[in-house]
Amino acid sequence: MLTVLLLLWPVAAALLLHFFKGRAARIPALGAALVEFALAAYAAISFSADATGQFSLNLPWISSAGINFHVGMDGLSLSLVLLTAFLVPIILLSAFRRNFENESVFYALVLFMETGLVGVFTAQDAFLFYFFWEVALIPIYFLAGVWGGANRAKVTFKFFLYTIVGSLFMLAGFVYLYFQTGPTANGLSAHNSELLSFYNLNLPIATQVWLFWLIFAAFAVKMPIFPFHTWQPDTYTEAPAPATMLLSGIMLKMGIYGCLRWLLPVVPQGTAYWQNLVLILAIIGIIYGAIIAIRQQDVKRLIAYSSLSHVGLMIAGIFSFTEMGMQGASIQMLAHGVNVVGMFFIADAIERRTGTRQIDDLGGLTRQAPVLTVCFLVLLLGTVALPLTNGFVGEFLLLAGVYKYNAWMGAVAGITIILSAVYLLRMFQRVMLGPDSSFTATFTDLTGSELALLVPLIVLVFWIGLFPNTFLHLSKDSVLNILNEVVIR
Amino acid sequence: MNSIILLSVLGLGNLFLGFRRSNRLLLPAAMLILGLVLTVNFIDWNQGPQSFFNDMLVVDNFSIAFTGIVLLTALLLIPFSEKYVLDGEASLAEYYSLLLFSLVGAIMLVSYNHLLMLFLGIETLSIAMYVLAGSDKRNLRSNEAALKYFLMGAFATGILLFGMALVYGATGTFVLRDISFAVQNPVNDSLRPMLYIGMLMMLIGIGFKVSAAPFHFWTPDVYEGTPTFFTAFMSTVVKTAGFAAFLKLLVQAFPAASAQGLWLPTLTAMCVLTLLIGNVGAVAQTSLKRMLAYSSVSHAGYLLIGLVAFNGQLEGASANGIFFYSLAYSIATVAAFGVLQLVANARMREDYNGLNGLAKTNPLLAFVLTIAMLSLAGIPLTGGFFGKFFVFSAAVENGYIGLVVFAVVMSMVSIYYYLRPIIAMYMHDTDETTAALVPVSSFQSGALLLLALLTVVLGVLPGLVSGIL
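None of these values were measured; they are calculated from a predicted model.

*Asks:* Could you give me a rundown of the overall build of chain B, with the residues and numbers involved?
*Replies:* When you go through chain B residue by residue, the secondary structure sums to 19 helices and 2 strands. Relative to the compact-globule value of 23 Å for 469 residues, chain B shows a C-alpha radius of gyration of 21 Å, a close match. Counting only residues that meet the buried cut, chain B has 60% of its 469 residues in that class. In chain B, 80% of the contacts between residues at least 6 apart in sequence involve partners at least 24 apart.

Right, dumping it as structure tokens:
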């Protein structure tokens, strides 16, 4: 029941937001997002960390076709729901810094998207999952397309087309799987689309081999994995900062979560068949993203490529089929969400003050803005995966997992730590240190409210770094569960 | 049957109401009539098949459901004739009566059990449409549309009639079930070619009415020239009724394997061609109205998949798919044409750029058109998605995987042209021709909101109507 509340509350709030115009919508929007966070936190407190689905609800949705509105949370779902509910208020707060046109619509779309995201993370029925998958896409398309930069129409069109084509392949895969299942318990329909009946199909390996690509297409585009990533840097750059945060902080995790929940256990042998190829693609993505990031001039674009590189490592961890790799991915999803949202916020804060994102135009911010420098440094070190920060736990587990599968792959993937230090510290050096430029001469430090927004993120950087078990134990049993489905069959 | 009688009588009454010369009275009267008939229609729901006129018409759940769609569509469309009311159109009573009479034809089409009724239905539906296509008498385009539609339509009806005659010659009957029996137990094998040629000619005749390729050539020109209000009627009611008639004919008259062996490949080829021409044709358009015309062709293609995924019954996955698809398509199309009409009237242009900045001047219109476009493109959260979902899964279930893959690729193409109006409305700035507010009465706003709401309800709770047949 709690899951349904988590699903319905944001969309109800989004509808109610139409009664507020302009700035008046800020407080109600933020309040709604905080209520959602409180609900998620309550769910986390009353959650017992085992592999069972909790807070579930199963209602007939299209009873003649055996499709159910079945939602529920296990540890993995819960940690991502927590991430979503935690980041959305922060993203809304960051949006208050900018004066968008039609603010109330903007916030309503963000809340609407939250419903889609929570739905993706909690759906236990294939078609419900697909439904929420697209529900999350429509608002972000408008957020990026309406409020984005000059080139937005073209860029968001590409984004929309890529993701929708990918997800249509997934839908085709689900329809095929659906017709392999048995009848529903009540006998109304000859087939059903429950997650568990997909797990129990035991399809022949020849089928799994091609089915893998149908389902993986959607996730590969969403994450994105090399070579399906071409929409990503443009979209991240053109979208307004809050939309970029949504895309990179939460939406990207839909793809990784999808792999863990809807790909590996459904077509385990198909996944094993393509395991090496995906690992190689992921590792190419890691190196490719990092090398391109080194050459970037635009701060936002640099973070976009860095995100591409980090996602590659998470995919590699999952496809290593080890507990460490998967646990690493589940905690790195949280860590990456925290870090990348913080980084994009700081990039936006700099752009708002100076009017530029070009590294060459910036410099010497340390003197005018010591607080901002410290915040930036902490988030940056978290991204570089320095010990004691959140990035370290995740990347360590991920690399250990990949190493366990194949030492060479682990070694090549490990270069990411060096490369990310190179491009991030180089950016830090040129933006924060060095002589002032004409753009940065009158720079002001973070305001109190901006700092208030960054503090929870920074607390989490250290919290996950020092006490990773808070979150690792949440997802442990569900990850083991998934691993059992994959390895035993 | 009740609905046919009521519509005919009240349609006549409506004509007499025209003598009062009070357009303000006519619009609510038309809505009242349609609302009344729609309610009466559902009285017979689940009462079992009832036959009339010596079995020439049969009212069952199938016909009631499709009658429901055409009546609901017409009811939702009527608010957009407010333009005629405000302009003081002299022949409004005639327009409404013609619409009501053509609905009588549509109802005959969804409940016929005798080929004569099929013919009468098509003619009643079409003749009214020929007149309405040319109702903008001083506009050359409208005249052209009426002439084209009439010439081509009369020709197609001729072919249909010829086909019926041949089928009658081969089987000796006009009643669907008896034809089916005669096809399975032929008295004289030498008559077979005649039967099959007759059957194919009937397919051509109906294929023309639902604008399936290669009989679609009239569609873009006629749709473009016809006043938008009637175009909307043409692309929803005519298509829905046409497909119901198509399904009935195939299921009840030609289910035999030998006949199926002939019409199935024909329809499959038509389906592929229609999808290709409709979608590729729509990509090339710059006018929203012409795009909607090609889109209407492409949707005929998706509906044809429902016919190809044939399970020999007027219930079950295939019929339900066609039912749900027609409903979702009709609602979204009415919404799209409704917005188009309002915008085109205010800005005097029908191209995509005429929509520039509509989100700023009229957020409501932009929102409704967006929902309509997403529904036509088959994006979830809208009824169009589940329409495609049901039709495609019925086809997959019957093993037409290749056809479905092709249709899915085509619907990826369709996303391109359905997004273009959205991009124009939300992402392009206004210019001098599009800066002004488009005037919309609160009555029409309410109708548009209702259409958007219905589309979303169909997309969120498809279970409400998905399994009723």
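*Asks:* Account for the domain arrangement of chain A, naming residues and giving values.
*Replies:* Interface extent is often summarised as the accessible area lost during association of the parts. Residue and element names in this part refer to chain A. Under the domain assignment, chain A is made up of domain 1 (1-266) and domain 2 (273-489). Using C-alpha coordinates to define each centre, domain 1 is positioned 22 Å away from domain 2. If you look at the interface, domain 1 gives 41 residues, while domain 2 gives 48 residues. When residues of the side of domain 1 that touches domain 2 are traced back to their parent elements, those giving at least two are α3 (75-95), α8 (205-222), α9 (231-238) and α10 (241-263). Of the residues contributing to the side of domain 1 that touches domain 2, the split by class is 27 nonpolar, 10 polar and 4 charged.

*Asks:* Account for helix α4 (residues 103-122) of chain A, with residues named and values stated.
*Replies:* Taking 1.5 Å as the rise per residue, α4 of chain A with 20 residues should run 28 Å; its terminal C-alpha atoms sit 29 Å apart, in good agreement. Counted residue by residue, α4 of chain A has 20 buried out of 20 residues, so it is predominantly covered.

*Asks:* Now, about the packing of helix α5 (residues 126-147) of chain A against α10 of chain A: what can you tell me, with residues and values included?
*Replies:* Residue and element names in this part refer to chain A. Axis separation between α5 and α10 bottoms out at 11 Å; the angle between their running directions is 165°. By the angle class used here, α5 and α10 are roughly antiparallel. At the point where α5 passes α10, the crossing takes the left-handed sense. Each of Phe129, Trp133, Ala136, Ile140, Leu143 and Ala144 in α5 lies in contact with α10, whose residues at this interface are Ala243, Leu246, Leu247, Met251, Met254 and Trp262.

*Asks:* Report on the environment of methionine 343 of chain A, specifying residues and quantitative values.
*Replies:* Residue and element names in this part refer to chain A. Counting through the fold element by element, methionine 343 comes out in helix α13 (residues 323-354). Taking the number of C-beta atoms within 10 Å as the measure of exposure, methionine 343 has 27 and is therefore buried. With 173 residues separating them along the chain, methionine 343 and methionine 170 place their C-alpha atoms 32 Å apart. In this structure, methionine 343 is in contact with Ile303, Leu379 and Thr383, ignoring residues within four places of it in sequence.

*Asks:* Residue-level account of the pairing of strand β2 (residues 67-73) of chain A, with values.
*Replies:* Residues and elements named next belong to chain A. With respect to burial, β2 is a largely interior element, 6 of its 7 residues being buried. Pairing of strand β1 (residues 54-62) with β2, which is carried by 6 bridges, proceeds in the antiparallel orientation. Bridge assignment links proline 60 to a residue of β2, and that residue is asparagine 68. Remark: 4 residues form the turn of the hairpin made by β1 and β2, two consecutive strands paired antiparallel; glycine 66 in that turn has positive phi of roughly 70°.

*Asks:* How would you summarise the UniProt feature "domain: NADH:quinone oxidoreductase/Mrp antiporter transmembrane" (unreviewed entry) in chain B if you had to cite specific residues and measurements?
*Replies:* The residues that UniProt annotates with the feature "domain: NADH:quinone oxidoreductase/Mrp antiporter transmembrane" (unreviewed entry) are residues 113-412 of chain B. Taken end to end, residues 113-412 of chain B is 79% helix and 0% strand, and its first and last C-alpha atoms sit 39 Å apart.

Procedures and definitions
- Residues numbered from 1 in each chain as written.
- Chains lettered and ligands numbered in written order.
- Predicted model: local features only at pLDDT ≥ 70, side-chain atom pairs only at ≥ 80, totals over all residues.
- Helix = DSSP H or I, 4+ residues; strand = E, 2+ residues; numbered from the N terminus.
- Rg over C-alpha atoms; globule rule 2.2 N^0.38 Å.
- Buried ≥ 20, exposed ≤ 12 C-beta atoms within 10 Å, placed from the backbone.
- Contact = placed C-beta atoms within 7 Å.
- Domains from an automatic or database assignment.
- Nonpolar A, V, L, I, M, F, W, Y, C, P; charged D, E, K, R; others polar.
- Expected span 1.5 Å × (residues − 1).
- Axes fitted to C-alpha atoms, helices over the stretch in contact; angles between N-to-C directions.
- Parallel < 35°, antiparallel > 145°, perpendicular 65-115°, else oblique.
- Left-handed = near helix turned anticlockwise from the far one by under 90°.
- Pairing = 2+ DSSP bridges.
- UniProt positions renumbered as here; feature names shortened; annotations may be inferred.

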